[in-house]
Amino acid sequence: MAGSSNSAPVSSIHTSSETGRLLPSATKCNSKEIDLDVSLPSPYSKSYLFELVITDKTHYRRFLYISLTLAFVVLALGLVPHFLPQNNRHHGHSKNLTLALNQAITFFDAQKSGSYPTNSPISFRGSSGLQDGNSSNIHADLVGGFYDSGNNIKFTFPAAYTITLLSWSVVEYHRKYADIGELEHIKDVIKWGSDYLLKVFVPPTAKSDPSLLYSQVGSAGNDTKNQVPNDINCWQRPEDMRYKRPVSVCNETASDLAGEIVAALSAASIVFKQENEYSQRLIKKAEQICEITAKEDRIHRAITYTTIDACGGEARKFYGSSGYKDELVWAATWLFFATGNHAFLDYATTNFAAAADDETTTDKGIFYWNNKLAANAVLFTRLRFFRDLGFPYEKALGLSTNMTDQLMCSYLSKQNFNRTPGGLILLSPGTGGPLQFAATASFLSKLYNDYLTLLRRSSWNCTNDGFSLEMLQSFSTSQINYILGDNPRKMSYMVGFGDHYPTHVHHRSASIPWDGQYHSCAEGDRWLHSQDRNPNILLGAMVAGPDQFDDFSDEREKTWFTEPSIAGNAGLVAALIAHHDPPRSSASNGPNLGLDIVGIFEKVHLDS
């Protein structure tokens, strides 16, 4: 288990009074110089003459040639490893992370709804949901987006989180994506999502009208009496859907939903900053939502996505938000990076402490679709480390740095979170699906490790212990390796990776043959309950994962083991790119980590 009691030595640190950053201490250990050039008396007289008599010059020359050749070979073998690429040899990865990353991104291609692209790497999917939004209760264009998991529902809240997280990974590590040829692939996935998010907000047409936020397309209703088919009780490919797909609607008082959409559009605008027109379109929509939500927030602060009877619909059963303050801070933070407008940073830093106070006990230290506080602390710490803006942000940014340090300590300490016997961290043991939480913990810890490496910090203190970057690196790597097969079952929990992975994934498209035939709900039930393997490989899908004892049941009907989700895979993609070897060439004079430190600050200025 990472974070044993045998703590590594902790180097001292001091605080710069000008910026408040933590810097390496100027003190050095005193040491005596030792002269290693020591002359020992020879047992032989220096004037002793060794006489060699060579009887066969041919053999002697041959002996010299062979000896010199062998010496050269031995020397070459010793030197070759020093001239080969040394990309993070100490990280301990024996996995093909390029292949894993390609597959993990490909999962999103299998989740696409709408007019399906002809160049998709997925052969068992086609166009679907082409009438989404054009239902009896709503007439809107809601074609596109992603199906959430193994069902055919589109949930806006986790989809927006997914786009925020994927965009963040590109903002940080776009050089790595480009180096392995996956940058355009991941940008295509992000744009597919951001295009849909542009549709889900409708501003008021008149002063008296409310704005609209579409929170869900599809139904999970349980009409057992009339047996009305819907996206839960009908096991059917999305291409075969014939039943009605109602739309759930919220207004601007759903601050958590609005906030996550703003964060997603803002983060995506940085990803597409080279495509100025599209980037500005994303920013404009984000600012529009933010402005309307901020006005209503003063009146409806107690009303959240989960408590409005008319808002969210069945989404509350699947993705019930526990609060809205973290999403509003999250939104303002990303909007600040996207625009450079300090008014957004003012809001984010002013309300950060309140959001921390509002965090539920069960969510502390967890970064996922419902809680953004830990991730926001890392973003604020990034700002403090590399673009310190000084007054009046010192208090909030200092709080975030302390919170981030304690977060990393919690990952490594035995006292905060339990582990499975095989080493998987259990961040939310009561909710199931542990892999999604482990993946984001792996991403945040590796990202923070990279930040500290660039600052040339080797360790930091916790309440009772000190931890080193090597320990943090070991933890973050261990979680990814566990997901990819280094676990007691020797099973890769990402479909298609390795020789042993789940083959009965809870997923409609993967479990029904792509045979050109229409399959009804009744026919689909046969595949749901079949013991056969899925006929289609859902490449790159990370399933929910094992239980707290490392046990796993590869059964289609056991969703708590075998169902994937776009939110879970977003964390996996972020963790994989963070752990991937950096590009072989780098313009940076510091450590080559493949990290773009300055790109996120392009619009951030001290005099704004």
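Residues numbered from 1 in each chain as written. Predicted model: local features only at pLDDT ≥ 70, side-chain atom pairs only at ≥ 80, totals over all residues. Heavy atoms only, no water.

Under an unreviewed UniProt entry, the name given to the chain is Endoglucanase, and the source organism is Gossypium hirsutum. Word for word, the UniProt comment on the chain under Sequence similarities (unreviewed entry) is "Belongs to the glycosyl hydrolase 9 (cellulase E) family." (UniProt positions renumbered as here; feature names shortened; annotations may be inferred.)

A. Seen up close, the overall build of the chain. Within the chain one finds 17 helices and 10 strands. Counting the 608 residues in the chain, one finds 55% classified as buried. Here the contacts in the chain between residues at least 6 apart in sequence split such that 74% fall between residues at least 24 apart. Carbon and sulfur atoms form 54% of the exposed surface of the chain, whose accessible area is close to 28,100 Å². (Helix = DSSP H or I, 4+ residues; strand = E, 2+ residues; numbered from the N terminus. Buried < 20%, exposed > 50% of the residue type's maximum accessible area, 1.4 Å probe, protein only. Contact = heavy atoms within 4.5 Å. Areas by Shrake-Rupley, 256 points an atom, 1.4 Å probe, with all protein chains shown as cover.)

B. Geometry of helix H10 (residues 373-386). Here H10 contains 14 residues, and its C-alpha end-to-end distance of 20 Å stays within 8% of the 20 Å for a straight helix at 1.5 Å per residue. Counting buried residues along H10, 14 of its 14 residues qualify, which places the element largely inside the surrounding structure. (Expected span 1.5 Å × (residues − 1).)

C. The pattern of salt bridges, seen in detail. For the coordinates displayed, the defined rule picks out 20 salt bridges. Between Glu 359 and Lys 364 there is a salt bridge, and its shortest N-O distance comes to 3.6 Å. When salt bridges that share partners are traced, they join Asp 132, Lys 154, Asp 231 and Arg 245 into one network. (Salt bridge = Lys/Arg side-chain N within 4 Å of Asp/Glu carboxyl O.)

D. A look at the state of the cysteines. All chains considered together, the criterion is met by two disulfides. The partner cysteine of Cys 234 in its disulfide is Cys 521, sulfur to sulfur 1.9 Å. Here the disulfide of Cys 234 and Cys 521 is left-handed, its torsion about the S-S bond being about -95 degrees. Residue Cys 234 is located in the loop between strand E5 (212-217) and strand E6 (247-250), and its partner Cys 521 is located in helix H15 (residues 521-528); the two are separated by 287 residues in the primary sequence. Judged by its relative accessible area of 1%, Cys 234 is buried. With a relative accessible area of 22%, Cys 521 lands in the partly exposed category. Between the sulfur atoms of Cys 409 and its disulfide mate Cys 462 the distance is 1.5 Å. (Disulfide = S-S within 2.5 Å.)

E. Geometry of empty space enclosed by the protein. A full pass over the atoms with the stated rule returns four cavities of 30 Å³ or more. When its volume is computed, the largest cavity comes out at roughly 100 Å³. Around the largest cavity, the lining residues are Ser 322, Gly 323, Lys 325, Asp 326, Ala 355, Asp 358, Glu 359, Thr 360, Asp 363, Asn 370, Asn 371 and Leu 373. Counting only elements with at least two residues in the lining of the largest cavity, the list comes to helix H8 (325-339) and helix H9 (342-358). Along the lines of polarity and charge, the residues of the lining of the largest cavity split into two nonpolar, five polar and five charged. (1 Å grid on protein atoms, 1.4 Å probe; cavity = no way out; pocket = protein on both sides within 12 Å on 5 of 7 lines; lining within 4 Å. Points joined across faces, edges and corners; volume = space filled by probe spheres on them. Nonpolar A, V, L, I, M, F, W, Y, C, P; charged D, E, K, R; others polar.)

F. Representation of the UniProt feature "active site" (unreviewed entry) in the chain in the model. The UniProt record annotates "active site" (unreviewed entry) at His 506. As for its placement among the helices and strands, His 506 is situated in the loop between helix H13 (469-483) and helix H14 (508-511). With near-sequence residues (within four places) excluded, His 506 lies in contact with Gly 150, Trp 235, Arg 556, Glu 557, Thr 559, Thr 562, Glu 563 and Pro 564. In terms of polar contacts, His 506 uses its side chain to reach the backbone carbonyl oxygen of Arg 556, at 2.7 Å. (Polar contact = N/O pair within 3.5 Å; in protein donor to acceptor, adjacent residues only side chain to side chain.)

G. Molecular detail of unusual backbone geometry. Residue Pro 392 is bonded to the preceding Phe 391 through a cis peptide linkage, with omega at 5 degrees. For Pro 392, the position within the fold is in the loop between H10 and helix H11 (394-412). Although it is not a glycine, Lys 490 sits at a positive phi angle of roughly 55 degrees. For Lys 490, a relative accessible area of 61% puts it in the exposed group. Its identity is not glycine, yet Asp 550 carries a phi of approximately 70 degrees, on the positive side.

H. Representation of the packing of H10 against helix H12 (residues 434-454) in the model. Running from N to C, H10 and H12 point in directions that differ by 10 degrees, and their axes come no closer than 11 Å. When the axis of H10 is compared with that of H12, the two are roughly parallel. Between H10 and H12, the residues in contact are Ala 374, Ala 375, Val 378, Thr 381, Arg 382, Phe 385 and Phe 386 and Leu 444, Leu 447, Tyr 448, Tyr 451, Leu 452 and Leu 454, respectively. (Axes fitted to C-alpha atoms, helices over the stretch in contact; angles between N-to-C directions. Parallel < 35°, antiparallel > 145°, perpendicular 65-115°, else oblique.)

I. Representation of the packing of H8 against H10. It is at 10 Å that the axes of H8 and H10 come closest, and there the two elements cross at 30 degrees. If you check the angle between H8 and H10, you find them roughly parallel. Judged by the twist between their axes, the crossing of H8 over H10 is left-handed. Mapping the contact onto sequence places Asp 326, Val 329, Trp 330, Thr 333, Trp 334, Phe 336 and Phe 337 in H8 and Leu 373, Ala 375, Asn 376, Leu 379, Phe 380 and Leu 383 in H10. Split by residue class, the contact of H8 with H10 holds 10 nonpolar, two polar and one charged. (Left-handed = near helix turned anticlockwise from the far one by under 90°.)

J. Focus on the side chain of Ser 321. Tracing the backbone shows Ser 321 in the loop between helix H7 (315-318) and H8. Polar contacts involving the side chain of Ser 321 include one to the side chain of Asp 256, which spans 2.9 Å. Polar side-chain contacts of Ser 321 include one of 2.7 Å to the backbone oxygen of Gly 323.

K. Representation of the confidence of the model for the chain. Residues at a pLDDT of 70 or more form 78% of the chain, whose mean pLDDT is 83. In this model, residues 1-55 is a region of pLDDT below 50 whose contacts with residues beyond four sequence positions or in other chains number 54 contacts. (pLDDT = per-residue confidence, 0-100.)

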